Each structure stands twice: as structure tokens, then as C-alpha cells.
Amino acid sequence: MQYLKQFGLILLFSFLGELLHALIPLPVPGSIYGLLLLFLALCLGIVRLQQLQETAKFLLQVLPVLFVPAGVGLLESWGELKPLLLPAILLISVSTVLVMGISGRVTQRLLRRKKKTEGEAKK
Amino acid sequence: MKELLHDSLFFGIFISLFAYEAGVFCKRKWKLAIFHPLLIAIVFVIAVLLAFGIDYETYLTGARHLSFLLTPATVSLAVLLYEKLQPLKKNWKAIFAGIFAGALTNAVCVLVCAVLFGFTHEQYVTMLPKSITTAIGMALSKEMGGVSSITVGAIVITGVLGNMFAEEILRLFRITEPEAKGIGMGTAAHAMGTAKAMELGETEGAASGLSIAVSGVFTVVIALIFSKFY
């Protein structure tokens, strides 16, 4: 029974996401609205973690398998991929290094600044 | 036989799950980032289809039903976000600023590359979501008019590279704080980066897991603006 209720709750937020997607004229996927609404509901205590935890964990576990059909679709979009292959590999290599380095550096700098001011406040 | 496969609801789903399990098995056995279960699963299914002369449409008869679970599973990322945020709450400013900087860097890189190589708009929006989790990236690419199967490929390759070279990149940028390491790995290489972060420690893993959801949401907003630039 608990799984039925939990899945129902997740489907409700999926539907609310679809609803917002239809109402708001932006190219934002409905699943993102659903994600944000559920997060908000958890923060405000409208929904408690125990009410959907097991089913959410199950869905997160099967999530990667759901991309297999799309990936196999490369079979069909090979023609579109071919001219993109070299620039895409270059782009991916360079940007992965930069994204990891820059996001890490920014977080590190702000963390250290915070520790420093906290340390001074204690003195 | 062909007709049976063509009408089968379960052939496509079964072969997808089986291929993914095979990928998980390879990963466990050889522990190399290149044995990414999703990558193996995609190559495996393509190989089976080609070997037996089954076309993509036939495979999709069953496999397309898997996409029914996509939205509920993506919505479930909210649980991950909520859980991971709790222990990191006190440093939220540093963490969110770092993830935002990373998501912005990704968009700028794609824009520069698009200008350099003369991408079409379709190719540009296909590549924009390449650093984020597949759940959000694939939907975003489709929504903006990109080729979602290429986006999935780009996301998987990004994850594999990020996982393989995370330690070298972090050393290069002299990133030593556990939170900052996790943020870097999760923002650049989503779940694959997080798998690596979890090996390094609990704080790294939690920070990285948080970045999967946060960088996905930030990238949606940034991509909305950046899709107008090219």
C-alpha cells in the first residue's frame, strides 16, 4: 500500500509540472517545475520525506536505464552527429576541465573567506 | 520472428534492462570509468540491433514505454536535493555561487565553440546541456529544439571524462577543500563525477550529489538566456 501512495504523490507533482509547462510560455521541461515544486513542498513541510522516500529512491535507481532508448537513437541521428564529432569532443574536453576547476575554485574561495571572517569574529 | 518483435511490448524494454545490467557487471568487474553502464548499454543494444537487422522503430515499440517513468524519476531528484542540502546548509552561499559559476562557464564554452566552428542553432542547443544530469539535459535539449540522442551521448562522454580525470583537474586548480572538490565534480560531471566524489569522502559525495540537481536547474535558466545569443 505504501508504494501506491508514494507513487501517487510523485505522479501528482509530475502532473503539476506538466500543468505549469502548459501555462508558462517558456521552454522549461515540465519535470523541472515538478522537481522544484516537490522540493518547495519538502522545505515547507507540506510533504514529509517519509511519505515518498522508498519510491523516489527506486525511481532514481532506474533513472539511468531510461536513457538507453534515447542513446540508441544515435543509430538514427548518426548523420547529424558525424560533422559534429570532432568539435564536440574538443568542446567536451576543454569545458569539463574549466567547469570543474572554476566551480571548485569559486566555492573554495568563498568558504575560506567565510572561515576567515568567522575566525576573526571569535577573536 | 520479425513480426513478433515488431509487436512485442517487452522485447525493447527487456533488452535495455539486460544491456544495462551487463554494463553494471562490466563496471564492477573492471572498475574503469570507460565501462560506464549507460555507455555499455547503448553500445550493446546498437550492436544487437545491427547484428540481427532489427530497426530502431521495432526496438522502440516496447522501449518507448520506458520514457513514461522519466518525469516521475526526474521529479524524485527533489528528494536527493532536499537530503543533500541539509548537512551543507550553512555554506549554501559558497556552494550555490560555485555551481552557478560552473554552469555559466559551461554555457560560455559552448557559445565560444559554436562561434569558432560555425554550429547551426540546432547543434548549439544540442550541446548547451552537456554538463548536467541526463534527466534534465535530455528534456531541456528536446524543449529547445536540439537532437536529444546526441545530447545524451555528449552527457555520457562528459561524465566519463570528468570521472577519469577528476583528481588531476582538482590538483591542477589546487582545490583541496572537500566541499569545493565535490561541487567541482558534480557540476562538471553529474552522476559520474559524484561516483568519484563518493570514493573521496562523505562530504565530497554529498556536495557533488547536491550539485547534480542544482546545476541542472541553474543550467535550465542559463540556457533559456543563452539560446537567444546564437
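Residues numbered from 1 in each chain as written. Chains lettered and ligands numbered in written order. Predicted model: local features only at pLDDT ≥ 70, side-chain atom pairs only at ≥ 80, totals over all residues. Heavy atoms only, no water.

A. Region of interest: the packing of aromatic side chains. All names here are of chain B. With the rule as written, the count across this model stands at nine aromatic pairs over all chains. Pairing Y124 with Y230 gives two aromatic rings, centres 5.2 Å apart and planes at 55 degrees, and the pair type is tilted. Separated by 106 residues along the polypeptide, Y124 in helix α8 (residues 121-127) and Y230 in the segment after α12 (202-226) bring together distant segments of the chain. The class of Y124 is buried, set by a relative accessible area of 0%. With a relative accessible area of 29%, Y230 lands in the partly exposed category. Their ring planes at 55 degrees and their centres at 5.0 Å tell us that F226 and F229 sit as a pair that is tilted. What makes F226 buried here is its relative accessible area of 9%. (Phe/Tyr/Trp six-rings, centres within 6.5 Å; stacked < 30°, edge-to-face > 60°. Helix = DSSP H or I, 4+ residues; strand = E, 2+ residues; numbered from the N terminus. Buried < 20%, exposed > 50% of the residue type's maximum accessible area, 1.4 Å probe, protein only.)

B. Inspection of the domain arrangement of chain B at higher detail. Residues and elements named next belong to chain B. If you check the domain split of chain B, you get domain 1 (2-69) and domain 2 (77-226). Measuring from the centre of the C-alpha atoms in domain 1 to the corresponding centre in domain 2 gives 26 Å. The interface is formed by six residues belonging to domain 1 together with seven residues belonging to domain 2. Counting the surface lost from both domain 1 and domain 2, the interface buries some 560 Å², and carbon and sulfur atoms represent 87% of this. On the domain 1 side of the interface with domain 2, the three residues burying the most area are A33, H36 and L39, jointly 64% of the side's total. Scanning the region where domain 1 abuts domain 2 turns up zero salt bridges. Across the contact surface, domain 1 and domain 2 share zero residue pairs in polar contact (both at pLDDT 80 or more). Its residues assigned to classes, the side of domain 1 that touches domain 2 comprises five nonpolar, one polar and no charged. (Domains from an automatic or database assignment. Contact = heavy atoms within 4.5 Å. Buried area = accessible area lost by both parts, 1.4 Å probe. Salt bridge = Lys/Arg side-chain N within 4 Å of Asp/Glu carboxyl O. Polar contact = N/O pair within 3.5 Å; in protein donor to acceptor, adjacent residues only side chain to side chain. Nonpolar A, V, L, I, M, F, W, Y, C, P; charged D, E, K, R; others polar.)

C. Here's a closer look at the interface of chain A and chain B. Contacts between chain A and chain B engage 69 residues on the former and 89 residues on the latter. Summing the contributions of chain A and of chain B, the shared interface buries around 7,200 Å²; its carbon and sulfur component is 81%. At the junction of chain A with chain B, the criterion picks out three salt bridges. With a closest N to O distance of 3.0 Å, K115 of chain A and E177 of chain B form a salt bridge.

D. Geometry of helix α7 (residues 92-117) of chain B. Taking 1.5 Å as the rise per residue, α7 of chain B with 26 residues should run 38 Å; its terminal C-alpha atoms sit 37 Å apart, in good agreement. Residue G118 of chain B follows α7 of chain B closely and has a positive phi angle near 60 degrees. (Expected span 1.5 Å × (residues − 1).)

E. Examining a positive patch on the surface more closely. Judged by side-chain charge, R105, R109 and R113 of chain A together with R174 of chain B come together as a positively charged surface patch. Locating R174 of chain B in the fold gives a position in the loop between α10 (148-172) and α11 (178-200). Overall, R174 of chain B belongs to the exposed group, its relative accessible area being 64%. (Patch = residues over 30% accessible without salt bridge, like charges linked within 9 Å, V, L, I, M, F, W, Y side chains within 5 Å. Areas by Shrake-Rupley, 256 points an atom, 1.4 Å probe, with all protein chains shown as cover. Lys, Arg positive; Asp, Glu negative; His and termini not counted. Charge placed at Lys NZ, Arg CZ, Asp CG, Glu CD.)

F. Molecular detail of the nonpolar core. Counting 98 residues, the largest nonpolar core has Y59 and M127 of chain B as the members making the most contacts within it. With residues near it in sequence (within four places) discarded, M127 of chain B still touches L84, A88, L91 and I92 of chain A together with V110, F119 and A154 of chain B. Grouped together as the second largest cluster of nonpolar side chains are 10 residues, M100 of chain A together with I169, L170 and A180 of chain B included. (Core = buried A, V, L, I, M, F, W, Y, C linked by side-chain atoms within 4.5 Å.)

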